[in-house]
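Remarks on the overall topology
For reference, the chains in residue letters:
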Amino acid sequence: MTVVYVPSWLKKMGYTPTFCIIILGIFVYAAIFPKTISPYSPEIRFSPYGEPDENHMLGTDDMGYDILTLLIYATRISLIIGVFAGILSLCIGTSIGIASGFHQGWIDDLMMGVTDITLIIPKIPVIILIAAYLHPSIWILIIVLGLFSWETTARVVRAKTMQIRNSGFVLSSRCLGFSSFSIIIHDIIPVIYPVLLPKFMLTIAGAMISEASLSFLGLSDPMMESWGKMIADAFSHGGFIREMWWWFLPPAICICVTVLAITRIGMMYESNEPEMAFK
Amino acid sequence: MVKIHPAGIFLSQKLLRYLLSFFCILLIVFLLPRMMPGDPVSNLVGEDIYLSQSTIDSLRAAFGLDTPLHEQFIRYCLQIMHGDLGYSYHMHGPVFEILISRAWWTLVYTIPSIIIGAWIGISLGARAGFQSGKWWSDVIASIALVISSTPPYLLSLLALVLFVYHLGLFPFKGFYDTYNLQSILYHLTLPTLVLISFYASRNILIMRGAVLTEKELLYPQFARSLGIPEREILFHHIRKNAIIPLIALIALDFGFLFSGALFIEIVFSLSGMGSLMYDAILARDYPILTGSLLIIAIFVIIANITADIMSLIIDPRIRRSS
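Residues numbered from 1 in each chain as written. Chains lettered and ligands numbered in written order. Predicted model: local features only at pLDDT ≥ 70, side-chain atom pairs only at ≥ 80, totals over all residues. Heavy atoms only, no water.

Here's the deal with a nonpolar patch on the surface
Residues and elements named next belong to chain A. Together, Val28, Tyr29, Ile32, Phe33 and Ile37 line one region of the surface with nonpolar side chains, adding up to about 430 Å² of accessible area. When residues of the nonpolar patch are assigned to their parent elements, the largest contribution, three residues, is made by helix α2 (residues 17-32). As for its placement among the helices and strands, Val28 is situated in helix α2. (Patch = residues over 30% accessible without salt bridge, like charges linked within 9 Å, V, L, I, M, F, W, Y side chains within 5 Å. Areas by Shrake-Rupley, 256 points an atom, 1.4 Å probe, with all protein chains shown as cover. Salt bridge = Lys/Arg side-chain N within 4 Å of Asp/Glu carboxyl O. Helix = DSSP H or I, 4+ residues; strand = E, 2+ residues; numbered from the N terminus.)

Focus on the packing of aromatic side chains
For any pair of aromatic rings, the description consists of the separation of the ring centres together with the inter-plane angle of the planes. In total, this model carries 13 aromatic pairs over all chains according to the counting rule given. Centre to centre, the rings of Phe23 of chain B and Phe73 of chain B are 5.7 Å apart; their planes meet at 85 degrees, and the pair counts as edge-to-face. With a gap of 50 residues between them, Phe23 of chain B in helix α1 (residues 6-35) and Phe73 of chain B in helix α4 (residues 69-81) connect regions that are remote in the sequence. Residue Phe23 of chain B is classed as partly exposed on the basis of its relative accessible area of 39%. The interplanar angle of 40 degrees and the centroid separation of 5.8 Å between the aromatic rings of Tyr153 of chain B and Phe263 of chain B together place this pair among those described as tilted. Here the residue Tyr153 of chain B occupies a position in helix α7 (residues 152-166), and Phe263 of chain B occupies one in helix α13 (residues 262-267), the gap between them amounting to 110 residues. Put simply, the rings of Phe216 and Phe235 of chain A together with Tyr153 and Phe263 of chain B touch in pairs and so form one group of aromatic residues. (Phe/Tyr/Trp six-rings, centres within 6.5 Å; stacked < 30°, edge-to-face > 60°. Buried < 20%, exposed > 50% of the residue type's maximum accessible area, 1.4 Å probe, protein only.)

Let's talk about the pattern of salt bridges
As enumerated under the stated definition, the model contains nine salt bridges over all chains in all. A salt bridge links Asp233 of chain A to Lys229 of chain A, with the shortest nitrogen-to-oxygen separation between them at 3.4 Å. Note that Asp233 of chain A and Lys229 of chain A are positioned in helix α11 (residues 227-236) at a spacing of four residues, about one turn of the helix. Relative accessible area serves as the criterion here: at 17%, Asp233 of chain A is assigned to the buried category. Residue Asp253 of chain B pairs with Arg202 of chain B through a salt bridge whose shortest N-O separation is 2.9 Å. With Asp253 of chain B in helix α11 (residues 244-255) and Arg202 of chain B in helix α8 (residues 181-215), this residue pair connects regions lying 51 residues apart in the sequence. By the burial criterion, Asp253 of chain B is buried, and Arg202 of chain B matches it.

Observations concerning α11 of chain A
Residues and elements named next belong to chain A. The buried fraction of α11 amounts to eight of the ten residues, a majority that puts the element mostly inside the structure. Trp227, Gly228, Lys229, Met230, Ile231, Ala232, Asp233 and Ala234 are the residues of α11 that are buried. Among the residues trailing α11, Gly238 stands out with phi positive, at a value near 85 degrees.

Looking at the packing of helix α6 (residues 123-134) of chain A against α1 of chain B
Following both chains from N to C, one finds α6 of chain A and α1 of chain B inclined at 10 degrees, their axes separated by 10 Å at the closest point. With respect to α1 of chain B, the axis of α6 of chain A lies roughly parallel. Facing Val126, Leu129, Ile130 and Tyr133 of chain A of α6 of chain A, the residues of α1 of chain B in contact are Ile28, Val29, Leu32 and Pro33 of chain B. (Axes fitted to C-alpha atoms, helices over the stretch in contact; angles between N-to-C directions. Parallel < 35°, antiparallel > 145°, perpendicular 65-115°, else oblique. Contact = heavy atoms within 4.5 Å.)

A word on the packing of helix α9 (residues 168-175) of chain A against helix α10 (residues 180-216) of chain A
Residue and element names in this part refer to chain A. Two elements in contact, α9 and α10, have axes separated by 11 Å at closest approach and are oriented at 175 degrees. Our classification of the angle between α9 and α10 gives roughly antiparallel. When α9 is examined against α10, the residues Phe169, Val170, Ser173 and Arg174 are found in contact with a partner set consisting of Ile183, Asp187 and Val191. Among the residues forming the contact of α9 with α10, the class breakdown is four nonpolar, one polar and two charged. (Nonpolar A, V, L, I, M, F, W, Y, C, P; charged D, E, K, R; others polar.)

Quick notes on the nonpolar core
Core analysis: the largest hydrophobic core is formed by 159 residues, its most contacted members being Leu217 and Trp227 of chain A. Take this core: its biggest share by element is 15 residues, from α10 of chain A. Ignoring sequence-local partners within four residues, the contact set of Leu217 of chain A consists of Ile128 of chain A together with Leu262, Phe263, Ile266, Tyr278, Ile281 and Leu282 of chain B. The next biggest cluster of nonpolar side chains, apart from the first, holds seven residues, and it includes Leu44, Val45, Leu59 and Leu65 of chain B. (Core = buried A, V, L, I, M, F, W, Y, C linked by side-chain atoms within 4.5 Å.)

Some words on the interface of chain A and chain B
In this assembly, 46 residues from chain A lie in contact with 58 residues from chain B. Summed over both sides, the interface between chain A and chain B buries roughly 4,800 Å², with carbon and sulfur atoms accounting for 78% of that surface. Linking chain A with chain B are one salt bridge, by the criterion used here. Here Asp116 of chain A ties to Arg17 of chain B by a salt bridge, and the two come within 2.3 Å at their closest N and O atoms. Put simply, chain A and chain B have four residue pairs in polar contact (both at pLDDT 80 or more) between them. (Buried area = accessible area lost by both parts, 1.4 Å probe. Polar contact = N/O pair within 3.5 Å; in protein donor to acceptor, adjacent residues only side chain to side chain.)

Some words on the environment of Phe248 of chain A
Within the secondary structure, Phe248 of chain A sits in helix α12 (residues 245-266). In this structure Phe248 of chain A comes out as buried when scored by relative accessible area, which is 3%. In the structure, Phe248 of chain A is positioned 15 residues away from Asp233 of chain A in sequence and 8.8 Å away in space, judged by C-alpha atoms. Look past the residues within four positions of Phe248 of chain A in its chain and what remains in contact with it is Ile231, Ala234, Gly239, Phe240 and Glu243 of chain A together with Leu158 and Val161 of chain B.

A few points about the confidence of the model for chain B
Counting all residues, the mean pLDDT for chain B is 83, and 98% of those residues have values of 70 or more. Confidence scores differ between elements of chain B, with helix α16 (residues 316-321) of chain B showing the lowest mean pLDDT of 73 and helix α5 (residues 95-130) of chain B the highest of 89. (pLDDT = per-residue confidence, 0-100.)

So, α5 of chain B
Between its first and last C-alpha, α5 of chain B extends 49 Å over 36 residues, near the 52 Å set by a 1.5 Å rise per residue. The principal kink in α5 of chain B, of about 35 degrees, is found at Leu107 of chain B. (Expected span 1.5 Å × (residues − 1). Bend = angle between axes of the 7 residues up to and from the residue.)

Quick word on the side chain of Ser142 of chain B
Residues and elements named next belong to chain B. Assignment of secondary structure puts Ser142 in helix α6 (residues 135-148). Exposure remark for Ser142: the relative accessible area of 9% places this residue in the buried category. Among the polar contacts made by the side chain of Ser142, one reaches the main-chain carbonyl oxygen of Asp138 at a distance of 2.5 Å.

Focus on the side chain of Thr192 of chain B
Residues and elements named next belong to chain B. Here Thr192 lies in helix α8. A relative accessible area of 13% means that Thr192 is categorised as buried. Within polar-contact distance, the side chain of Thr192 engages the backbone oxygen of Leu188 at 2.4 Å. Here Thr192 is in contact with Tyr109 and Ser113, once residues within four sequence places are set aside.

So this is what it looks like as structure tokens:
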């Protein structure tokens, strides 16, 4: 596991969990209620390739859509893909991790073997191949991204579970006759929660970056506007060659800011220092 | 009884897992075209290709699509062992030869980028971690943090806009105008720089973190109390320990060099293996896609084995405990 320390002045500048939660909150608000803040409806078309002016704060794209509106509506898809892929990978990772850490023996060997084997498979090429065959909708994208990102979670959860499975409170609930399932739900999950949160957040960030990359390859849902797809459109429809920075920079900044905010929130419980794993 | 060295057991366990995961990848590649909706023949040769009925029938026979799945799988594995990755109807050639001819160009600039990126990452990261209070250390770490939370293709796109479109410092696309060293170097400078900054920033972050952790331990303090100069503590004591997690990552970079170069090649229109994959995605040229996946998988597994052997050599703790 790699440990990354955030520079001290970034913290002073406000790169704190509170600030990041506020930032993320704004994005989540934009994702749930895009109507309330977007200047136009996403279906209205204006003259294409417009420069920023008082009517269109970020100009218009090749089809004449208002870019600010697109940006706000794209938040929803980007966040949905990240969060749901994160949830899926968290569920798989946690169940495999707890099962192998709690039961040990051959279950442990089998599950850790599967984890190691999945860990070695080169993710991005396999996802590309699957996406090329499936012509994905966002749900397929979520499933594929979730299915290929649970291994590190499983490892961490297993290590933590093995640490606490012999501790006093687990042993006493076992003596009282609670079932394994109840022990896992009531005793183990609350204790490993601080490990789960950073892993969950990192997976979300990773899934968002992967989604942006897949959109760029033309492998996301063509009907769904996400930040990655906006950049891909700007690339393939002449936004870059015309140097229309107001088209491709806002989604780019949104992706970076969200990723940075999400990772920082994930590090919230690490007492002194945060951890990060970018691949 | 013959006593096997613990390192041998460690390696053979690892090797078994690598073989199994290669088997899994083979299974994915084998099953995907046959399980997907639609005609398996068109899933195997790629979409948007017109084939006459007689060709389709002969292909069906050649793939053995009428035989049971396990026989097909054995036939498929035998083919791959002979280096036969199929035939691309879009590119009109055997997949293996197309891949090899394109792969050279990718290797030309990715290998130097990984090496330089590793060197910059290790040296800058170690210094930045050792003197973490200094302003320049924080600046380096912040830049590295921002770069590594940017999707790789975005970084290349921004570099393209800034240096090529806006400033006009570098050429738009391709490996060369005229086939000579000067032209090739000129064309490869910007993609290589972008790739280096990407590798370097990740290495800096990890190296800095590792040094920060190591320097709080007892052994550097003991070395300091013996009067060993700071520079020597960093380079002779801390760096040796801090570098261990990085070695595996750098070895893996070599494994992932083809997929790492994917976005760079698309953005800068370099016709290496990455853009070959991109064209294959756009044209749904499945033989090329599966072929490149298998090549990448082999590279990744070789890189993993190298990483294991190197960590055995470097870190005596693994040698003893395994």
